[in-house]
Structure formats: structure tokens, C-alpha cells
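Okay, here's what each chain looks like letter by letter:
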Amino acid sequence: MTTARSILEKLKNIIGVEFRDFLSSNDIGDISLIKFSKAGGDTYNITNNYLMINPSRLGQEQRNQIKQQIIDAELNEDYAILKDESIERMSNIKKNIPSSSDEKLLDFYSDKLSADYVKALEASLIVRNMARHGIDIGFAKKDIMRKYPVFGRNLCNLTSEDYFHGHFKELYESMSKEDDFSIKAYQKQVEKIVTGLPYIVFVSSIGTVRDKVIEISSKLARLKKYGAGKLLIHALRRDNVEKTEEILKKIKDADSSIEIELDKKTSRMTATLRFKGV
Amino acid sequence: MKKSCIVFDEATKADVLDLFGKSIDNEGFIVEKEDASQRVLTKDGEEILSEEWGGVIKGSEAFVKSDTFSLIELAKKLE
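Residues numbered from 1 in each chain as written. Chains lettered and ligands numbered in written order. Predicted model: local features only at pLDDT ≥ 70, side-chain atom pairs only at ≥ 80, totals over all residues. Heavy atoms only, no water.

Participant: Could you clarify how one ought to interpret the overall build of chain B in this entry?
Facilitator: What chain B contains, in helices and strands, is 2 helices and 6 strands. Ordering the α and β elements of chain B from the N terminus gives β-α-β-β-β-β-β-α. Principal-axis analysis of the C-alpha atoms gives chain B an extent of 35 × 25 × 20 Å. For chain B, buried positions account for 54% of its 79 residues. (Helix = DSSP H or I, 4+ residues; strand = E, 2+ residues; numbered from the N terminus. Buried < 20%, exposed > 50% of the residue type's maximum accessible area, 1.4 Å probe, protein only.)

Participant: How should I be thinking about the overall build of chain A in this particular structure?
Facilitator: The helix and strand tally for chain A stands at 12 helices and 8 strands. The C-alpha atoms of chain A give 28 Å as radius of gyration, which overshoots the globular expectation for 278 residues (19 Å, by more than 25%). Considering only C-alpha atoms, chain A reaches an extent of 90 × 40 × 30 Å along its principal axes. The buried share among the 278 residues of chain A stands at 45%. For chain A, the proportion of contacts with a sequence separation of at least 24, taken over those separated by at least 6, is 59%. Total accessible area on chain A is roughly 14,000 Å²; 47% of this is exposed by carbon and sulfur atoms. Of the side chains in chain A, 46 bear a positive and 41 a negative charge, and the two mean positions are spaced by 5 Å. (Rg over C-alpha atoms; globule rule 2.2 N^0.38 Å. Contact = heavy atoms within 4.5 Å. Areas by Shrake-Rupley, 256 points an atom, 1.4 Å probe, with all protein chains shown as cover. Lys, Arg positive; Asp, Glu negative; His and termini not counted. Charge placed at Lys NZ, Arg CZ, Asp CG, Glu CD.)

Participant: Please clarify how the layout of surface pockets should be interpreted in this entry.
Facilitator: Gaps between atoms show up when a probe of the same size as a water molecule is rolled over them. Here the largest pocket is characterised by a volume of approximately 730 Å³. Together, 30 residues line the largest pocket, and Lys65, Ser66, Asp67, Phe69 and Ser70 of chain B are the ones closest to its centre. Among the secondary structure elements, those contributing two or more residues to the lining of the largest pocket are α4 (84–95) and α7 (138–147) of chain A together with β6 (62–65) and α2 (68–77) of chain B. Of all the elements, α7 of chain A adds the most residues to the lining of the largest pocket, at 6 residues. (1 Å grid on protein atoms, 1.4 Å probe; cavity = no way out; pocket = protein on both sides within 12 Å on 5 of 7 lines; lining within 4 Å. Points joined across faces, edges and corners; volume = space filled by probe spheres on them.)

Participant: In this structure, what is going on with the environment of asparagine 13 of chain A? I would like to understand it.
Facilitator: Structurally, asparagine 13 of chain A is set in helix α1 (residues 4–15). Along the backbone, asparagine 13 of chain A and lysine 67 of chain A are 54 residues apart, and their C-alpha atoms lie at a distance of 14 Å.

Participant: Sorry, what's going on with the sheet that holds strand β3 (residues 50–53) of chain A here?
Facilitator: Each strand in a sheet pairs with another by means of backbone hydrogen bonds, the pair being arranged parallel or else antiparallel. Pairing in this open sheet of 7 strands is mixed, and the strands run β2(A)-β3(A)-β1(A)-β1(B)-β4(A)-β5(B)-β6(B) from one edge to the other. Looking along the sheet, the strands with just one partner apiece sit at the ends: β2 (44–47) of chain A together with β6 of chain B. For this sheet, the mean angle separating the axes of adjacent strands, direction not counted, is 30°. Judged from the 4 bridges that link them, strand β4 (residues 79–83) of chain A and strand β1 (residues 2–8) of chain B form a sheet pairing that is parallel. Considered in β1 of chain B, the bridge of lysine 83 of chain A is made with phenylalanine 8 of chain B. The strands touched by helix α2 (residues 17–24) of chain A within the sheet are β2 and β3 of chain A, with β2 of chain A carrying the most contacts at an inclination of about 20°. Sheet strands in contact with α4 of chain A are β1 (33–36) and β4 of chain A together with β1 and β5 (53–57) of chain B, and its direction is about 115° off that of β4 of chain A. (Pairing = 2+ DSSP bridges. Axes fitted to C-alpha atoms, helices over the stretch in contact; angles between N-to-C directions.)

Participant: Explain the packing of α1 of chain A against α2 of chain A here, please?
Facilitator: The description of two packed helices rests on the angle between their axes and on the distance between the axes. Residues and elements named next belong to chain A. Viewed as axis vectors pointing N to C, α1 and α2 meet at an angle of 140°, and their least axial separation amounts to 6 Å. Taken together, the axes of α1 and α2 are oblique relative to one another. When α1 is examined against α2, the residues Leu8, Leu11, Lys12, Asn13 and Ile15 are found in contact with a partner set consisting of Val17, Phe19, Arg20 and Leu23. Split by residue class, the contact of α1 with α2 holds 6 nonpolar, 1 polar and 2 charged. (Parallel < 35°, antiparallel > 145°, perpendicular 65-115°, else oblique. Nonpolar A, V, L, I, M, F, W, Y, C, P; charged D, E, K, R; others polar.)

Participant: Would you take a moment to explain empty space enclosed by the protein for this structure?
Facilitator: All chains considered together, the criterion is met by 1 cavity of 30 Å³ or more. Taken as a whole, the largest cavity holds about 30 Å³ of empty space. Lining the largest cavity we find Lys119 and Glu122 of chain A together with Phe69, Ile72 and Glu73 of chain B. Secondary-structure elements contributing two or more residues to the lining of the largest cavity are α6 (115–132) of chain A together with α2 of chain B. A per-class count over the lining of the largest cavity returns 2 nonpolar, no polar and 3 charged.

Participant: Explain the interface of chain A and chain B to me, please; I cannot follow it from the model alone.
Facilitator: Accessible area lost upon the coming together of the parts is a frequently used measure of interface size. With 48 residues of chain A at the contact, the number on the chain B side is 37 residues. Note on chain A versus chain B: buried area summed over both sides is about 4,100 Å², and carbon and sulfur give 66% of it. Of all residues in chain A, Phe36, Lys83 and Met90 of chain A bury the most surface against chain B, accounting for 16% of the area lost on that side. Linking lysine 76 of chain B and glutamate 122 of chain A is a salt bridge whose minimum nitrogen-to-oxygen distance equals 2.6 Å. The interface formed by chain A and chain B contains 24 residue pairs in polar contact (both at pLDDT 80 or more). Of all elements in the fold, only α1, β1, α3 (60–76), β4, α4, α6 and α7 of chain A reach the threshold of two or more residues within the side of chain A that touches chain B. When residues in the side of chain A that touches chain B are grouped by element, the largest group, 9 residues, is from α3 of chain A. (Buried area = accessible area lost by both parts, 1.4 Å probe. Salt bridge = Lys/Arg side-chain N within 4 Å of Asp/Glu carboxyl O. Polar contact = N/O pair within 3.5 Å; in protein donor to acceptor, adjacent residues only side chain to side chain.)

Shown next as C-alpha cells:
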């Protein structure tokens, strides 16, 4: 096993007297990392448990020997040589890799959603875990949004709110009982919901009809103001479908300019609301 | 796969790349020093901008990116 001390010994032979003198006049007892760095401006520096070496201040022959005798040896023994920031991020990711129950969740979706959605879901589960442990998730969320600009942000948010643990599984249970069910149809429905945010409202047992009418009216007002296309209302289970029907009646009574398109089954419904002429 | 006790920071990227016989072209991509028209690829066949370069692992000196998805794959391999 390579250690910082064993690498230091090799460096002593490569760099020479000046480096040996530097090491002997400094406390190297706790050194655990050797960092190529220009911080501080010196050729060598010891900070905390780092030995910092500025490679641009070494001769070409010394750099060649470092590459051949140290770096190649590390790589051959399956050590990863990484940027400092990547090490920290990778360590945080490692600590928050999906648990066995999350792995079962990914397994559940692996044959039901597209490969891109499953990959984004895996990353989002890690983001969710990191957030719950108080770790900064900014870089990870940005990476998800960058890789999947159409749905990344929404999928990540929905994962953090446990929609993939609950709602989308229930949706599958519900849809799979329908006569004309297909995995493709389920996939399409999930994608419609994910990409429909923020203009989507979920109707569940939480909140009264009045609460939901207020929520929907407020989102509709925003839609109208910004000229955006549509609002989706989504409900699962018969009682919530009936609740949604009641909500839609009140919405329509309050504003007849709204067009409502229904995709309705006994135990699920998606209503698409649009303003006439938009 | 294990983490080496050798790391590098942002400021020394060009020097570390030079150790591997690579440099950075005028569009910011990592290229072969001997042939600047040849861009270095990840094992998935992606070109690498120096700003998104995360390090090197075994496998004919496989260059890895520093984005979350690349780090997830590395984390899974890490002992």
C-alpha cells in the first residue's frame, strides 16, 4: 500500500539534496497528502497535513521521473489521482450513495422509465441524501440540470419531496390495472408530470377543496400574467379524482375562459387547464 | 480503486497535464501535446474541457471529468 511517507522517500531521491534538507528541517510526522500546488509561491511547503509541491519549479528531468516512478506506479496499483475539489465531492457522494431501499427504488424504475430518467433519479437520490446530511448540494444540482436541461431540475426537486418513493409508484399501481396499460404510457405520464412543473398541482388527501381552488387560481393568474401555456392537475385514487372534479367545477364557475381537457380513469385523472385562445 | 495520497489543485492543472504529455488548446479542451488536433477523450468518448477535468485513473491513463455523474461512477468503484 502506497503511503505519503513512501512517496516522500521516492521524492527525496528524485528531487535531491535541497528537498531532503527541507524535509529534515520541518515536521513531516503527520503528512498524509502530497499536493501539487502553487499556493504560497514556494517550491515546497507544509500546511496542516499536506506537503505542497509546485511542479512548475522543478526541472524537466525531475518532472519526468516523478511521472514515471511515482505517478505511473500509483496508477498501476489502481490509485486514482484526483483534483482536490473532486476528492471532497466524491467522498461526500460516497457517503450518500443510495441505500438498499433506494437501490430497490431504482430497480423498480429501471424497466419503467427511460435510462436518462433512471440516471437522473440516481443522482437526485444522492442529492436528497446529501441535503439531509447538511452537505452543500449546489454543484450536484447544477450538474443534473446541465446534463438534463429539459427535466433535470424538476426531477431532482420531485425526488427530494419523495414523489418517486410515493406518488409515481402509486401511479404505476393504478395505471397497471387499466386494460390499455403499457409501460410506454406510464413512462409518458411520468415525463409529462415531471416536465410540467412548476405548472402542476397534485390533488391528494392533504388540503381542502377550497385550499386547492385557491392554489390553482393563484397559479392560473400567474400563467395568465406571463402568457404561459397550461396548468396540469393530477390526482390518484378515486376519492382524489372526485375531489378534483369538484375543484374543476368551482374553477370553471369562477372563470369560464378556462378550457379543461380531461384524461380520466376511475382511480386517476390528469386535467389540463388552458386559457381560451392561448 | 483507491484514492491516491497525491492530489492537485486548480492552479497546477496545466503542470499536471504536462506530466501526462497533454496540454490545453485555445478552446480549453485537453489535447495531446504532440498533436494539438487530437483531443483527449473520457472512456465514454467525451472530450474534456480543462475546467471539467477531475483527474486520472488506471486504464491507459483514463482521464475523468469532475461532474457529479462521473464522480458517482468513481465513488461506486472506490474501496
